[in-house]
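Residues per chain, in single letters:
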Amino acid sequence: MIFINEWLPNPIGSEAKGEFIELVNNGNAPVNLDGWKLATKNDKQFSLSGHQIAADGYLVFRRSETKLILKDSDEILSLYSASGALVDRSGFSGAVPDGQSFNRINYGTDGSQHFAFGNPTPGAVNDMTPQVHVANINHPFGLPLNQTSINGIQFISLLLGAAALIAGLVLYAIKQNGKIKA
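From a predicted model like this one, the values you see are computed outputs, not experimental measurements.

Q: Just checking my understanding: could you explain the packing of aromatic side chains for this structure?
A: Aromatic ring pairs are reported here in terms of the distance separating the ring centres and the angle at which the planes meet. The full count for this structure, using the stated rule, is six aromatic pairs. A ring pair is formed by Trp7 and Phe102, whose centres lie 5.9 Å apart and whose planes are at 85 degrees; its orientation type is edge-to-face. Here Phe102 lies in strand E10 (residues 101–104) and Trp7 lies in strand E1 (residues 2–8), a separation of 95 residues in the sequence. Judged by its relative accessible area of 0%, Trp7 falls in the buried class. Judged by relative accessible area, which is 1%, Phe102 ranks as buried. Here the aromatic rings of Phe92 and Phe117 are separated by 5.9 Å at their centres, their planes lie at 75 degrees, and the arrangement is edge-to-face. Of this pair, Phe92 sits in strand E9 (residues 86–95) while Phe117 sits in strand E11 (residues 115–118), placing them 25 residues apart in sequence. The exposure classification of Phe92 matches that of Phe117, with both residues buried. Three or more aromatic residues link up through ring pairs in this structure, and these residues are Trp7, Phe92, Phe102 and Phe117.

Shown next as structure tokens:
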């Protein structure tokens, strides 16, 4: 099966020269990628036609070839087969540490995404030793790594909770004092 294995959206130095996307074939036969596509969150696409990935092999695409600009925060990368079916997706919320690639930790057969930031290893096995990775991130796809703000529903919930707490305290004070004296 073909997976998005590693990608570097925020290299140290020139982003135009340093960004890359790496695919891996963990199957036992080569795969012709004619008709396959990579797409970013903004639906910018790159056709993989004319490429083949060897069995147990890696295929690295540089930004100079794909013309895909990978965002340094809140990015999603999708891989589509020749039939247009979504084959794999990798994404993160929050900002990427400088010079760290987003690396697949395992090939979740249940559809789960297990990625971590680590040292870039284009065309080779991801190096996820404790000495190199910044964070061991096992989280469901699409959830923020570091939530820095609250949304409208969370804000309203906080307001309602605070109102209920204040009302409870007022009722408790009334019960303790019998009556409110004016």
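Having seen it, we continue.
Q: Explain the pairing of E9 to me, please; I cannot follow it from the model alone.
A: Looking down a regular strand, the side chains alternate between one sheet face and the other. In this sheet, E9 lies alongside strand E8 (residues 73–80) in antiparallel orientation, the contact comprising seven bridges. When the bridges of E9 are listed, Ser73 appears paired with Ala95. Counting the residues that bridge the hairpin from E8 to E9 gives five residues, and of these Gly84 lies at a positive phi of roughly 90 degrees.

Q: Is there a simple way to think about helix H3 (residues 152–177) in this case?
A: Along an α-helix, residues three or four positions apart point the same way, because every turn accommodates 3.6 residues. In this model H3 runs 38 Å from its N-terminal to its C-terminal C-alpha over 26 residues, within 8% of the 38 Å that 1.5 Å per residue would give. Just past H3, the residue Gly178 takes up positive phi, approximately 80 degrees.

Calculation rules
- Residues numbered from 1 in each chain as written.
- Predicted model: local features only at pLDDT ≥ 70, side-chain atom pairs only at ≥ 80, totals over all residues.
- Heavy atoms only, no water.
- Phe/Tyr/Trp six-rings, centres within 6.5 Å; stacked < 30°, edge-to-face > 60°.
- Helix = DSSP H or I, 4+ residues; strand = E, 2+ residues; numbered from the N terminus.
- Buried < 20%, exposed > 50% of the residue type's maximum accessible area, 1.4 Å probe, protein only.
- Pairing = 2+ DSSP bridges.
- Expected span 1.5 Å × (residues − 1).

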